[in-house]
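# Per-entry structural report
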Amino acid sequence: MDIILIGAPGAGKGTQAEKLSQLFGIRHVASGDLFHKAFEEQTELGLKARMYVDLGELVPDEMTIPLALRHIEEPESTHGVVLDGFPRTLAQALALDAELQQLNRQIDLVISLKVSHGELLRRLAGRVFCRANAHVYHVELHPPIVAGVCDLDGSQLYQRSDDTGEAVRRRLVYFFYEANQIVGHYKKQNKLREVDGNQSIDQVQAMILSEINDYLGRK
Ligand code: AP5
Ligand code: MG
């Protein structure tokens, strides 16, 4: 199964993608996390992408498309992927469709998480990640058992450099511009499902699973 999660910064894409990945045994591919890993490893791509990410701007398609497609081609993605943050432009969506077609696959479902502006700001302001595996927490809404330490792997938690100040505003502005293109593309293919992402993490997960089960039931 190949699924895309669409949603504004802070909508809960990473949180829900991680759960779907575990539940269905499909790989979680998050373009933003791939860029962050590339900075940490100080690769050439990571250093170039960092300028865009820190400003809250989109990384150019020439850098983003090959990176994401490479991960989809890897053996760990054979059983399917849950894509989080990719595609974000029409060019990315078209490249993804072509790639999956080559692999004799296609996107099954596109889940769009709708969350109010105030809630997005609250979630981004308190979000922290673990250094080892980018597991995500929120200092109030989804705190770790021991403050500052990941429950799952014991690594330190940190705040993302683009989760403060002007970068947050820019990311939100970019999202509403991008989303129109992508949503229209998948609506035409009758693959888009909207889910109310304002609810609790478990409630949102239940709604996503209900959409997936409905889709599988009809297939
Ligand atoms: P990316 O990493 O994709 O960031 P984003 O889209 O801004 O989304 P976020 O990761 O901020 O939010 P999320 O929806 O994953 O929320 P989360 O689950 O963490 O991209 C970063 C940057 O990389 C971009 O700005 C761009 O520069 C570049 N980039 C990436 N992809 C690109 C592409 N395709 N093309 C070009 N450039 C690209 O949840 C947020 C917080 O809320 C967490 O603390 C969580 O614990 C909490 N939470 C989640 N759900 C709930 C809930 N239901 N109730 C309460 N709390 C919740
Ligand atoms: Mg994310």
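Throughout what follows, the structure given in this document is the object of discussion. (Residues numbered from 1 in each chain as written. Chains lettered and ligands numbered in written order. Predicted model: local features only at pLDDT ≥ 70, side-chain atom pairs only at ≥ 80, totals over all residues. Heavy atoms only, no water.)

### Notes on the site of ligand 1
As a matter of local geometry, ligand 1 sits amid 35 residues, with Thr 15, Glu 57, Arg 88, Arg 127 and Arg 171 nearest to it. Residue Gln 92 places a side-chain N or O atom 2.9 Å away from a nitrogen atom belonging to ligand 1. One of the side-chain nitrogen or oxygen atoms of Arg 123 is found 3.4 Å away from a nitrogen atom of ligand 1. Protein chains shield 96% of the accessible area of ligand 1, which is 1,000 Å² for the free molecule. At the level of elements, helix 1 (13-24), helix 2 (31-40), helix 6 (117-125), strand 6 (136-138) and helix 8 (201-218) are the ones that each hand at least two residues to the shell around ligand 1. For the shell around ligand 1, the residue count by class is 14 nonpolar, 13 polar and 8 charged. (Near = heavy atom within 4 Å. Polar contact = N/O pair within 3.5 Å; in protein donor to acceptor, adjacent residues only side chain to side chain. Areas by Shrake-Rupley, 256 points an atom, 1.4 Å probe, with all protein chains shown as cover. Helix = DSSP H or I, 4+ residues; strand = E, 2+ residues; numbered from the N terminus. Nonpolar A, V, L, I, M, F, W, Y, C, P; charged D, E, K, R; others polar.)

### What about the state of the cysteines?
Using the criterion set out here, one finds 0 disulfides in the structure. Between Cys 150, a free cysteine, and Cys 130, which holds the nearest cysteine sulfur, the sulfur-to-sulfur gap is 3.8 Å. Judged by its relative accessible area of 4%, Cys 150 is buried. (Disulfide = S-S within 2.5 Å. Buried < 20%, exposed > 50% of the residue type's maximum accessible area, 1.4 Å probe, protein only.)

### A few points about the pattern of salt bridges
Tallied over the entire structure, the rule returns 21 salt bridges. As a salt-bridge pair, Glu 74 and Arg 27 come within 3.0 Å of each other at their nearest N and O atoms. On the criterion of sequence distance, the pair formed by Glu 74 in the loop between helix 4 (61-73) and strand 3 (81-84) and Arg 27 in strand 2 (residues 27-30) is long-range, its members being 47 residues apart. The class for Glu 74 is partly exposed, based on a relative accessible area of 24%. (Salt bridge = Lys/Arg side-chain N within 4 Å of Asp/Glu carboxyl O.)

### A short note on the packing of aromatic side chains
Enumeration according to the criterion identifies 2 aromatic pairs in this entry. An angle of 35° between the planes, with centres 6.1 Å apart, marks the rings of Phe 129 and Tyr 158 as tilted. With a gap of 29 residues between them, Phe 129 in strand 5 (residues 127-130) and Tyr 158 in strand 7 (residues 157-158) connect regions that are remote in the sequence. Take Phe 129: its relative accessible area is 4%, and that puts it in the buried class. In this structure Tyr 158 comes out as buried when scored by relative accessible area, which is 18%. (Phe/Tyr/Trp six-rings, centres within 6.5 Å; stacked < 30°, edge-to-face > 60°.)

### Here's the deal with the sheet that holds strand 4 (residues 109-114)
Across the sheet, 5 strands lie side by side as 2-3-1-4-8; this open sheet has parallel pairing. Because the sheet does not close on itself, it has two edges, and the strands there are strand 2 and strand 8 (192-196). When strand polarity is set aside, the average angle formed by the axes of neighbouring strands in this sheet is 20°. Bridge count for strand 2 against strand 3 is 4 bridges, and the pairing is parallel. Within strand 3, the position partnered with Ala 30 by the bridge is Asp 84. Sheet contacts for helix 2: strand 2 and strand 3; angle to strand 2, the most-contacted strand, approximately 70°. (Pairing = 2+ DSSP bridges. Axes fitted to C-alpha atoms, helices over the stretch in contact; angles between N-to-C directions. Contact = heavy atoms within 4.5 Å.)

### Points about the side chain of Asp 162
Relative to the helices and strands, Asp 162 is located in the loop between strand 7 and helix 7 (165-188). For Asp 162, the side chain forms a polar contact with the side chain of Arg 160, separated by 2.8 Å.

### Brief notes about the nonpolar core
Taken as a class, soluble globular proteins show a tendency for nonpolar side chains to be buried jointly. Grouped together as the largest cluster of nonpolar side chains are 51 residues, with contacts concentrated most on Ile 4, Leu 83, Leu 96, Ile 111 and Ile 208. The element that contributes the greatest number of residues to this core is helix 7, accounting for 7 residues. The contact partners of Ile 111, leaving out residues within four places of it in the chain, are Ile 3, Ile 4, Leu 5, Ile 6, Arg 193, Val 195, Ile 208 and Glu 211. Val 128, Tyr 137, Cys 150 and Leu 157 belong to the second-largest nonpolar core, a separate cluster that totals 5 residues. (Core = buried A, V, L, I, M, F, W, Y, C linked by side-chain atoms within 4.5 Å.)

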